[in-house]
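# Descriptive structure summary
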Number of protein chains: 2
Amino acid sequence: MSTRLGVEADLRRYADLCRAAIPGYLPEAGGPVHLVDPVADYLGRPGKGLRPALCLATCEAFGGSLEDALPSAVAIELLHTAFLVHDDLADGSELRRGAPTLHRRYGLPLALNAGDALAVYALAALRRTRDRLGPALAERIAAEFEFMARQTVEGQALDLGWRIDNRLDLQPSDYLDLIMKKTCWYTTILPLRAGAIAGSRGRADIEPMIRFGFLLGAAFQIQDDILNQVADGGAYGKEPLGDLLEGKRTLMVIHVLAAAQPDDRARIERFLAASRPERTYDEAAWVARCMDDCGSVGFARAFAAGIASDAESAFAAAFAAVPASPARDFVRALIPFMVERTW
Amino acid sequence: MSTRLGVEADLRRYADLCRAAIPGYLPEAGGPVHLVDPVADYLGRPGKGLRPALCLATCEAFGGSLEDALPSAVAIELLHTAFLVHDDLADGSELRRGAPTLHRRYGLPLALNAGDALAVYALAALRRTRDRLGPALAERIAAEFEFMARQTVEGQALDLGWRIDNRLDLQPSDYLDLIMKKTCWYTTILPLRAGAIAGSRGRADIEPMIRFGFLLGAAFQIQDDILNQVADGGAYGKEPLGDLLEGKRTLMVIHVLAAAQPDDRARIERFLAASRPERTYDEAAWVARCMDDCGSVGFARAFAAGIASDAESAFAAAFAAVPASPARDFVRALIPFMVERTW
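In this report, the structure presented in the accompanying data block is examined. Since the model is a prediction, treat every value here as computed from it, not as a measurement.

### Remarks on the interface of chain A and chain B
Listed as interface residues are 33 residues of chain A and, on the opposing side, 34 residues of chain B. Those elements that place two or more of their residues in the side of chain A that touches chain B are helix 2 (33–43), helix 4 (66–91), helix 6 (108–127) and helix 7 (129–164) of chain A. In terms of residue count, helix 7 of chain A provides more of the side of chain A that touches chain B than any other element does, 14 residues in total. Counted by class, the side of chain A that touches chain B contains 21 nonpolar, six polar and six charged residues.

### Comments concerning the relation of the copies chain A and chain B
Screw-axis analysis of chain A against chain B gives a translation of 0.0 Å along the axis, an RMSD of 0.0 Å, and a rotation angle of 180°. Expressed as a symmetry operation, the mapping of one chain copy onto the other fits a two-fold axis. Proximity to the rotation axis, assessed at the C-alpha, singles out P135(A) in chain A; its C-alpha lies 3.7 Å from the axis. The fraction of interface residues of chain A whose copies in chain B are also interface residues reaches 100%, indicating that both copies meet through the same surface.

### Brief notes about the nonpolar core
One finds A122(A), A219(A), A122(B) and A219(B) to be the most contacted residues of the largest nonpolar core, which totals 236 residues. Aside from chain neighbours lying at most four places away, what touches A219(B) is A304(B), I307(B), A308(B), A311(B), I335(B), M338(B) and V339(B).

### So, unusual backbone geometry
All names here are of chain A. Unlike most non-glycine residues, L241 shows phi in positive territory, near 60°. Relative to the helices and strands, L241 is located in the loop between helix 9 (209–230) and helix 10 (242–245). Look at L241 and you get buried, because 20 C-beta atoms sit within 10 Å.

### A few points about the packing of helix 9 of chain A against helix 14 (residues 296–318) of chain A
Residue and element names in this part refer to chain A. Their axes nearest at 8 Å, the elements helix 9 and helix 14 cross at an angle of 155°. Judged on the interaxial angle alone, helix 14 and helix 9 are roughly antiparallel. Along this stretch, helix 9 crosses helix 14, giving a crossing that reads as left-handed. Each residue belonging to the contact of helix 9 with helix 14 can be placed in one class, and the counts come to 19 nonpolar, two polar and four charged.

### Quick word on the environment of W162(A)
Residues and elements named next belong to chain A. With respect to the helices and strands, W162 occurs in helix 7. Sequence-wise, W162 and K248 are 86 residues apart; in three dimensions their C-alpha atoms are separated by 8.2 Å. Ignoring anything within four residues of it in the chain, the contact list for W162 reads R167, L170 and R249.

### Examining the packing of helix 7 (residues 129–164) of chain B against helix 8 (residues 172–200) of chain B
Residue and element names in this part refer to chain B. Closest axis-to-axis distance for the helix 7/helix 8 pair is 7 Å, and the angle between their directions is 170°. Of the possible angle classes, the one that applies to helix 7 and helix 8 is roughly antiparallel. Of the residues that constitute the contact of helix 7 with helix 8, the class distribution is 13 nonpolar, four polar and seven charged.

Criteria and thresholds
Residues numbered from 1 in each chain as written. Chains lettered and ligands numbered in written order. Predicted model: local features only at pLDDT ≥ 70, side-chain atom pairs only at ≥ 80, totals over all residues. Contact = placed C-beta atoms within 7 Å. Helix = DSSP H or I, 4+ residues; strand = E, 2+ residues; numbered from the N terminus. Nonpolar A, V, L, I, M, F, W, Y, C, P; charged D, E, K, R; others polar. Least-squares fit on C-alpha atoms with pLDDT ≥ 70 in both. Core = buried A, V, L, I, M, F, W, Y, C linked by C-beta atoms within 7 Å. Buried ≥ 20, exposed ≤ 12 C-beta atoms within 10 Å, placed from the backbone. Axes fitted to C-alpha atoms, helices over the stretch in contact; angles between N-to-C directions. Parallel < 35°, antiparallel > 145°, perpendicular 65-115°, else oblique. Left-handed = near helix turned anticlockwise from the far one by under 90°.

Structure, rendered in C-alpha cells:
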C-alpha cells in the first residue's frame, strides 16, 4: 500500500512522463508566434497531471505498457488544458496555477483560439493510438473520448445555467449529477476506461469504471471546491474565494442555503443573485465565514469522506480481475489522496 | 454549363440536403436547455451551405452517391458553425446572418461552450463515415480534417496577430498566405478532398484539389471582404463595415495603404492603430470612401477576377479524370458564382 508521500512521488513520475511526451505530439515546425506562445503557456505551468497519471497507471495495472496508453494520456492532458483555457474565459478567472489566466495575458481572441488549437492537438494525439493498438482499439478509445466530450459540454452548460438562472433550490444530488458530467467523465472515468482498454487490449470489462470513476472524481471535485474556499491562493494558484465570486453552486453553497438563519440566507441569496462585477471580495469573505459558522465546509469534508469510502469498494469491483502491482496500488492510493491533498 | 440561377438552385438543393440531415447527427435526447438552444441558434439561420454543397457535389462528380459524403458534409457544416461562433466572439461582432451574434444573445460563457459543443458534434458526425466507407477511408478523411483544423487555428492566429501587431507592411501575397490557412482549407480544399476521396473510394488523385481549392476559396474570401464593405447590411446580414471596424487586413486595406496620399495614409494608419472601441463608424466610412477614391475595391474585384480565371484551369486539372455530369458542372459553375454573388 502506497504512503501519502509514495502516491505523490508516483503521481509526479507518471505526470512527468506525459509532460515529457507532449512536445512530440505538438506541431514540429513552430507556426505563428500568436498561436505557439499561448498554446505553450499553460503547458509550461506544471499541473498535478492527475488525468494522464490515472490513465497510464490503469493501463499498466491491466497488463499494458506505458506506451500503449501514452497517446490517450497526452490527449486527455491537452484536452484538459483546452478546457482550462475556455473555462477561465467563461468564468472571467484571473489566476491559474499562480499566474495570470491566458486571456488576461494574451487577450480573449488569442486565448480562445489557443484553446481550440489545444483541442485539435489533443485529437491529433489520440489518432496516434492507431499506430500502437491498431484501428479497432483506436476506434473504441475514440468513441470513449467522443462520449466524454459530450458529457463535458453538457456539464459546462448545466453549471453555467445554474448561475444564469440563479438556482437556489439545488440538492446535493443535483451537485453530484453536475460534477458527474462536468468533472468525472473527463477527469477520472475516461482516463480509467481508456487505460483499461489499452492495457487489456480491449478484453477488460470497463463497465465498473463508471462507478469507481464517478466516486473518485467526485471526491476530487469536492476537495477542489474546499481548497478554493480555504486556501490562501499561494499553493493553490487561483484567486482566493474565486468559486464564490463566480457564484458557483458548490456543495458548501447548497449546504449553507439550507442551514443558514433566515436573515443570513437572504443576504447569501442577494450575493448569489448579483452579477459577477457586483460581488465584492468582502461580501464573499462574509459568506465564507457564514459557511464556517454553519459547518458547511465540515459537511463537504464529511460528504467527500463518505464518497471516498464508497470508492474503495468500487475500486475493488473495477480492478477485481487485475493482479497486485505497484500501478494498481497507485490507483487505489489515489482515493485517500483525493480528499487529503492540499494542492 | 449552369446559369447563375441554375447554380443557385443547385447550391440550395445540396445545402438543404445537408441541413435536413443535421438533426440526425445531433444528440437525440435533448440535453440542457442552456446547451441545446445556443447550439440550435445559428443552425436555424440559413447560411449558403457552400461547404457541404461543394463536398456533396464533388463526391457525386467522382462517382459516389450523396450518402457517401454526407457525414463529411455535415461535419464541415457543424465545424463551420463552431468557427462562426468563436470568430464572432473573438471579433466582438454584433450581427450574424441578420440577427444578434450568439454571445450577444446568450452571453460569452454559453456561446463559447456552444461553439465547443458544435465541434464535438462535428467530430461525432465525421466518425460515422466509417459506417458507410469502412475504417481505412474514414481514417483518410479524418486525417484530412485534422490537417485542415491545424491550418485553420494557425490562420486565425495570423489574422489576429496582424491586428495585434498593427501590421502596416503587408503585401497581397501575405493576404493570400493568410486566407489559404484561415479560409481555403476549411471552405474549399477540405470539402473537395473529402468529397473526392468518398466519391472515388480513395482512388482519385486529390493533390490538384489544393490548387483549385485555394483559388476557389480565395475568390470566395475576396468577394466576402468586398461585400462586407459595400453591402448595406440587409441581405448580407453582418454589421456594415464590420471588417474595417475590426481592423481586418483585407486586400482593400493593403491596397489603400499603398495607394493613398501621405496625409490620408497617416489618417488610415491612426484608424488601424486605434483599439476596437476607439474606432468610430464615421471614421470607418471615411476610410471606405478613401478606398473608393483610390480604386481599392476595383483592385480587389480585378484581383478576384484574375484568381477566378486561374481557377478555371485548376478545375480542369483537378477534375480531369471525371466524366461530364451535372455535379461536375455545378462545381465548375461555382467559380464565377464566387465573384458574382451578392450574398
